[in-house]
Amino acid sequence: MRSDLQFSARRKDGSLFAAEISLGPVKTSRGRIFVSAVRDITVRKGIIKKLETNHLIQSTVASILRASLKAGSLEEILGRILNELLSISWFDLRPIGSIFLADEKNPGRLRLAAASGLSIEQQACGNEIDLAESACAPAAASGDIVFSSGLGAERDRLHRADSTDGHFCAPVLS
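Residues numbered from 1 in each chain as written. Predicted model: local features only at pLDDT ≥ 70, side-chain atom pairs only at ≥ 80, totals over all residues. Heavy atoms only, no water.

A.B. asks: Could you give me a rundown of the pairing of strand E3 (residues 31-40), with the residues and numbers involved?
C.D. replies: Pairing of strand E2 (residues 16-28) with E3, which is carried by 10 bridges, proceeds in the antiparallel orientation. Within the sheet, the bridge partner assigned to Ile21 lies in E3 and is Val38. The loop that links E2 with its antiparallel partner E3 comprises two residues. (Pairing = 2+ DSSP bridges. Helix = DSSP H or I, 4+ residues; strand = E, 2+ residues; numbered from the N terminus.)

Listed below in structure tokens is the structure:
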């Protein structure tokens, strides 16, 4: 008889930890007794969570790579990539997004290359924005992913509809 039960246990100092209990019979000269062992599995659970997350990320990268290798214009490829990103169930994104590219003909401007789920109001704002007024300007300047809380004027103009939680700005460098 072996049973692995996972639960939270409390240490002497009062803190909680993830625990596992194993039960098993042991024969003795006085008869059968049951022995239990309690193990702290906090580290193991953390490793499992990290492995699961890494697997999900690798699967996502593979699906984006597959979408990018299919023939089509840059806008078609970016549209497929955006759809892949917005369909990631474990990332818990709203199905709204857009990809802007630096406009080679108009330095300092971004042009809309792909969009999905934009409201009519957002679509009516046009396909170009001034980088200096964009909430994603810090991401473009630093080359880092930035979370925008919605303070940029251009961001408010483009994402006004029910958006109180902000958005991510991720620069694509090449």
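A.B. asks: Just give me the short version of the pattern of salt bridges, but keep the residues and values in it.
C.D. replies: Enumeration over the complete set of coordinates arrives at four salt bridges. Across the pair Glu20 and Arg39 runs a salt bridge, and its minimum N-O distance is 2.6 Å. In this pair, Glu20 sits in strand E2 while Arg39 sits in strand E3, placing the two residues 19 residues apart along the sequence. A salt bridge links Arg44 to Glu20; its shortest N-O distance comes to 2.7 Å. Taken together, the residues Arg44 in helix H1 (residues 42-69) and Glu20 in strand E2 connect sequence positions 24 residues apart. Taking the relative accessible area as the measure of exposure, Arg44 reaches 38% and is therefore partly exposed. Look at the salt bridges and you will find they share partners, linking Glu20, Arg39 and Arg44 into a network. (Salt bridge = Lys/Arg side-chain N within 4 Å of Asp/Glu carboxyl O. Buried < 20%, exposed > 50% of the residue type's maximum accessible area, 1.4 Å probe, protein only.)

A.B. asks: Which residues make up helix H2 (residues 74-86), and what values do they have?
C.D. replies: Spanning 13 residues, H2 covers 18 Å between terminal C-alpha atoms, matching the ideal 18 Å at 1.5 Å per step. Turning to H2, its buried residues are Ile77, Leu78, Gly79, Ile81, Leu82 and Leu86. Next to the buried residues of H2 lie H1, strand E4 (97-102) and strand E5 (109-116). (Expected span 1.5 Å × (residues − 1). Contact = heavy atoms within 4.5 Å.)

A.B. asks: Explain the sheet that holds E5 to me, using residue names and the numbers behind them.
C.D. replies: Ordered in space as E4-E5-E6, the three strands form an open sheet in which the pairing is antiparallel. Whereas interior strands pair on both sides, the edge strands pair on one side only; in this sheet they are E4 and strand E6 (128-130). Going from strand to strand, the sheet's axes swing by 35 degrees on average, the running direction of each strand aside. Where E4 meets E5, six bridges bridge the pair, whose relative direction is antiparallel. Bridge pairing in E5 links Ser98 to Ala115. (Axes fitted to C-alpha atoms, helices over the stretch in contact; angles between N-to-C directions.)

A.B. asks: Account for the environment of Ile129, with residues named and values stated.
C.D. replies: Note that Ile129 resides in strand E6. Each C-alpha atom, one on Ile129 and one on Gly108, is 8.8 Å from the other, the two residues being 21 residues apart in sequence.

A.B. asks: Tell me about the packing of H1 against H2, residues and numbers included.
C.D. replies: Interaxial distance between H1 and H2 falls to 8 Å at its minimum, and their mutual angle equals 160 degrees. Classified by the interaxial angle, the pair formed by H1 and H2 is roughly antiparallel. Considering only the axes of H1 and H2, their crossing is right-handed. Residue-level contacts link Ser63, Ile64, Ala67 and Ser68 of H1 to Ile77, Arg80, Ile81, Glu84 and Leu85 of H2. Partitioning the contact of H1 with H2 into residue classes produces five nonpolar, two polar and two charged. (Parallel < 35°, antiparallel > 145°, perpendicular 65-115°, else oblique. Left-handed = near helix turned anticlockwise from the far one by under 90°. Nonpolar A, V, L, I, M, F, W, Y, C, P; charged D, E, K, R; others polar.)

A.B. asks: How would you explain a nonpolar patch on the surface if you had to name every residue and give the values?
C.D. replies: Together, Leu56, Ile57, Val61 and Trp90 line one region of the surface with nonpolar side chains, adding up to about 330 Å² of accessible area. Structurally, the position occupied by Trp90 is in the loop between H2 and E4. (Patch = residues over 30% accessible without salt bridge, like charges linked within 9 Å, V, L, I, M, F, W, Y side chains within 5 Å. Areas by Shrake-Rupley, 256 points an atom, 1.4 Å probe, with all protein chains shown as cover.)

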